[in-house]
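Structural description and commentary
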Amino acid sequence: MTGADRERGAGAGVGAGREGGAGGEGGAGGEGGAGAEGGAGRIDVAVVDDHPIVRDGLAGWVTVPGSGIRVVATATTVDEVLAGPGRRAHVVLLDLDLGDGTTPARNVAAILAAGPAVLVLSASGRPAAVRDAMRAGAGGYVLKHEEAAELRAAIRAVAAGTDWISPRLAYILATDDAPDRPALSAQETRTLRLYATGMPIKSVARRLGISEETARQYVRRVREKYAAANRAAPTKVDLYHRAVEDGHLPSPP
């Protein structure tokens, strides 16, 4: 990861957000939400990684002047970070492979139960790893070789309750043929992309040059295919999350 300083906005663009804002205590946006213990406009971050050089380096990568981000705790395990001030962080940066015998799903669940949102920071770009982390409840997934500015943008997005996946992962996910990734037709995919980002069905139909009933049929088919893959998407927000998970939609720029 390089130290490039260009900042990208978060929480804008494609936008179905998750419930709540940063840490559930104050809103987040722009430069981040209020800290868990004061500090308006600040996002508190904890880091869980079993490599000391990564833990030490992350503080410098994300806490540049004007970023509105500070690292409040670092640890080698999830249990360790949640036993200290990291429990009150807005976002926990989590490495998937900690080498302590725990599973990613268990670690994500433990962090979410304690309160912080989860942003996975991993060297693995395997589609299965990304999908599993997002389905476990992680708010975002960033590769370790991304630029520091990308990581800061991801932190802001996840703190604001918006899903984030590294842009370079979008193509990998979009071309993945895993059994639980429904095979959507080109028109179903176009309909999903428009509808899941908040466009009314009437506008979707107009944009695609089809009738409203045909547009509804495409949405129904998409929902049926996700349900058949045991990834039900009964609401528009659910469809948005499935579209992001499978690479049909990018995370907000």
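Attention here is on the structure that accompanies the text. A quick note: this is a predicted structure, and the numbers were derived from the prediction, not measured.

Taking 1.5 Å per residue as the helical rise, helix α5 (residues 148-159) with its twelve residues ought to reach 16 Å, and the 17 Å between its terminal C-alpha atoms agrees with that figure. For α5, a buried count of twelve out of twelve residues is recorded, marking the element as mostly surrounded by other parts of the structure. Among the residues of α5, A148, A149, E150, L151, R152, A153, A154, I155, R156, A157, V158 and A159 are the ones counted as buried. Downstream of α5 by one or two residues, G161 has phi in the positive range, about 90 degrees.

On to the packing of helix α7 (residues 186-196) against helix α9 (residues 212-228). Angle between the axes and distance between the axes are the two parameters that describe a pair of packed helices. One way to put it is that α7 packs onto α9 with a least axis distance of 9 Å and a crossing angle of 95 degrees. The orientation of α7 relative to α9 falls into the category roughly perpendicular. On α9, the residues that touch Q187, E188, T191, L192 and Y195 of α7 are A215, Y218, V219, R221, V222, R223, K225 and Y226. In terms of residue class, the contact of α7 with α9 is made up of seven nonpolar, two polar and four charged.

All right, on to the sheet that holds strand β6 (residues 164-165) then. Spatially, six strands are ordered β2-β1-β3-β4-β5-β6 in an open sheet, and the strand pairing comes out parallel. Edge positions in the sheet fall to β2 (69-75) and β6, since each has one partner strand and no second. As paired strands, strand β1 (residues 43-48) and β2 are joined by six bridges and run parallel to one another. The partner of D44 across the bridge, within β2, is R70. Running at roughly 155 degrees to strand β4 (residues 117-122), α5 makes contact with β1, β2, β3 (91-94), β4, β5 (140-143) and β6 of the sheet.

On to the nonpolar core, then. Counting 45 residues, the largest nonpolar core has L94, Y141, L192 and L239 as the members making the most contacts within it. When sequence neighbours within four positions are dropped, the list of residues in contact with L94 reads V48, V78, N107, V108, I111, V118, L119, V120 and L121.

Counted under the stated rule, the structure contains zero aromatic pairs. K236 extends its terminal NZ or CZ atom over the ring of Y195, reaching a point 4.2 Å from the ring centre.

In terms of burial, β4 is largely enclosed, as five of its six residues are buried. In this fold, β3 hands off to helix α3 (residues 104-114), which returns the chain to β4; that crossover is right-handed. Bridge count for β4 against β5 is four bridges, and the pairing is parallel. The partner of L121 across the bridge, within β5, is V142.

This paragraph deals with the pattern of salt bridges. One pass over the structure, following the stated rule, counts eight salt bridges. Of the charged contacts, one joins K144 and D95 as a salt bridge, the two residues approaching to 3.5 Å between their closest N and O atoms. Of this pair, K144 sits in the loop between β5 and α5 while D95 sits in the loop between β3 and α3; the two residues are 49 residues apart in sequence, bridging distant segments of the chain. When the shortest N-O distance is used, the salt bridge between K225 and E188 registers 2.7 Å. Within this pair, whereas K225 is found in helix α9, its partner E188 is found in helix α7, the two being separated by 37 residues in sequence.

About the criteria used
Residues numbered from 1 in each chain as written. Predicted model: local features only at pLDDT ≥ 70, side-chain atom pairs only at ≥ 80, totals over all residues. Heavy atoms only, no water. Helix = DSSP H or I, 4+ residues; strand = E, 2+ residues; numbered from the N terminus. Expected span 1.5 Å × (residues − 1). Buried < 20%, exposed > 50% of the residue type's maximum accessible area, 1.4 Å probe, protein only. Axes fitted to C-alpha atoms, helices over the stretch in contact; angles between N-to-C directions. Parallel < 35°, antiparallel > 145°, perpendicular 65-115°, else oblique. Contact = heavy atoms within 4.5 Å. Nonpolar A, V, L, I, M, F, W, Y, C, P; charged D, E, K, R; others polar. Pairing = 2+ DSSP bridges. Core = buried A, V, L, I, M, F, W, Y, C linked by side-chain atoms within 4.5 Å. Phe/Tyr/Trp six-rings, centres within 6.5 Å; stacked < 30°, edge-to-face > 60°. Lys NZ or Arg CZ within 6 Å of the ring centre and 35° of its normal. Right-handed = clockwise from strand over helix to strand, strands pointing away. Salt bridge = Lys/Arg side-chain N within 4 Å of Asp/Glu carboxyl O.

Keep in mind these numbers describe shape, not what the thing actually does.
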